[in-house]
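Chains, contacts and geometry: an overview
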Amino acid sequence: MTPRQVELVQTTWEKCMPIADQAAALFYGKLFELDPELKPLFKTDIKEQGKKLMVIITAAVRGLSDLGKLVPVVEDLGRRHVGYGVKDDHYATVGTALLWTLEQGLGDAFTAEVKEAWATTYGILSSTMQKAAVTA
């Protein structure tokens, strides 16, 4: 990731924070639309899950400035997701739902450059999680 990509992800995420609950609802709605078979993987109330998702994304986005500290946390997350039943192909679906949600929330601010920055970020984080999941 370039410093510019980190900056774009961090600044656009801050714009999403005021609508975090709505963004989480949009995300899960799109996720389950894309793959209804994912819904049973979520055992808790989806609103509570949405709050957890926003906390995790916020921590990851803020941690992009120090990947040395972020990577072990993301690896641990990947190992835990194995126990939830997450498979490799689910990561692509999550990425699609995430980018769609960001586009809805950011509107015109979701430029091609912003989309690329988010796609790069998600690619790095999801591949880190997937690699760690193999060792779980």
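What this report covers is the structure whose coordinates are included nearby. (Residues numbered from 1 in each chain as written. Predicted model: local features only at pLDDT ≥ 70, side-chain atom pairs only at ≥ 80, totals over all residues. Heavy atoms only, no water.)

**Section: helix α4 (residues 67–83)**
- Here α4 contains 17 residues, and its C-alpha end-to-end distance of 25 Å stays within 8% of the 24 Å for a straight helix at 1.5 Å per residue.
- Residues of α4 that are buried: Leu-70, Val-74, Leu-77 and Gly-78. Angularly, the buried residues of α4 cover 105° about the axis, an arc narrow enough to put them on a single face. Opposite the packed face of α4, turned more than 90 degrees from it, sit the exposed residues Gly-68, Lys-69 and Gly-83.
- In this fold, the buried residues of α4 make contact with α3 (46–63), α5 (88–106) and α6 (112–134).
- One or two residues past the end of α4 sits Gly-85, with phi positive at roughly 95°. (Helix = DSSP H or I, 4+ residues; strand = E, 2+ residues; numbered from the N terminus. Expected span 1.5 Å × (residues − 1). Buried < 20%, exposed > 50% of the residue type's maximum accessible area, 1.4 Å probe, protein only. Arc of directions from axis to C-beta. Contact = heavy atoms within 4.5 Å.)

**Side note on the packing of aromatic side chains**
- Counted by the stated rule, this structure contains five aromatic pairs.
- Note on Phe-27 and Tyr-28: the rings are 4.9 Å apart at their centroids and 80° apart in plane angle, and the pair reads as edge-to-face.
- What makes Tyr-28 buried here is its relative accessible area of 4%.
- Note on Tyr-28 and Phe-42: the rings are 5.3 Å apart at their centroids and 75° apart in plane angle, and the pair reads as edge-to-face. With Tyr-28 in helix α2 (residues 20–34) and Phe-42 in the loop between α2 and α3, this residue pair connects regions lying 14 residues apart in the sequence.
- The structure contains a cluster of three or more aromatic residues connected by ring pairs, namely Phe-27, Tyr-28, Phe-32 and Phe-42.
- Positioned above the aromatic ring of Trp-100 is the side chain of Lys-30, whose terminal nitrogen or guanidinium carbon lies 4.9 Å from the ring centre. (Phe/Tyr/Trp six-rings, centres within 6.5 Å; stacked < 30°, edge-to-face > 60°. Lys NZ or Arg CZ within 6 Å of the ring centre and 35° of its normal.)

**Some words on the pattern of salt bridges**
- Evaluated as defined, the whole model comprises six salt bridges.
- One salt bridge connects Lys-51 with Asp-21, and the closest N-O pair in it is separated by 3.7 Å. With Lys-51 in helix α3 and Asp-21 in helix α2, the pair connects residues that are 30 residues apart, well separated along the chain.
- Look at Lys-51 and you get partly exposed, because its relative accessible area is 41%.
- Classification of Asp-21 by relative accessible area gives exposed; the value is 54%.
- Residue Glu-33 pairs with Lys-30 through a salt bridge whose shortest N-O separation is 3.3 Å. Here Glu-33 and its partner Lys-30 are both found in helix α2, three residues apart, which amounts to about one turn of the helix.
- With relative accessibility at 15%, the residue Lys-30 sits in the buried group.
- When salt bridges that share partners are traced, they join Arg-4, Glu-7 and Glu-113 into one network. (Salt bridge = Lys/Arg side-chain N within 4 Å of Asp/Glu carboxyl O.)

**Considerations on the packing of α4 against α6**
- Remark: α4 packs on α6, axes separated minimally by 7 Å, with the N-to-C direction vectors making an angle of 60°. As judged from the angle between their axes, α4 and α6 are oblique. As for how α4 packs across α6, the hand of that crossing is right-handed. For the pair α4 and α6, the contacting residues are Leu-70, Val-71, Val-74, Glu-75, Leu-77, Gly-78, Arg-79, His-81 and Val-82 in the first and Leu-125, Thr-128, Met-129, Ala-132 and Ala-133 in the second.
- For the contact of α4 with α6, the per-class residue count stands at nine nonpolar, three polar and two charged. (Axes fitted to C-alpha atoms, helices over the stretch in contact; angles between N-to-C directions. Parallel < 35°, antiparallel > 145°, perpendicular 65-115°, else oblique. Left-handed = near helix turned anticlockwise from the far one by under 90°. Nonpolar A, V, L, I, M, F, W, Y, C, P; charged D, E, K, R; others polar.)

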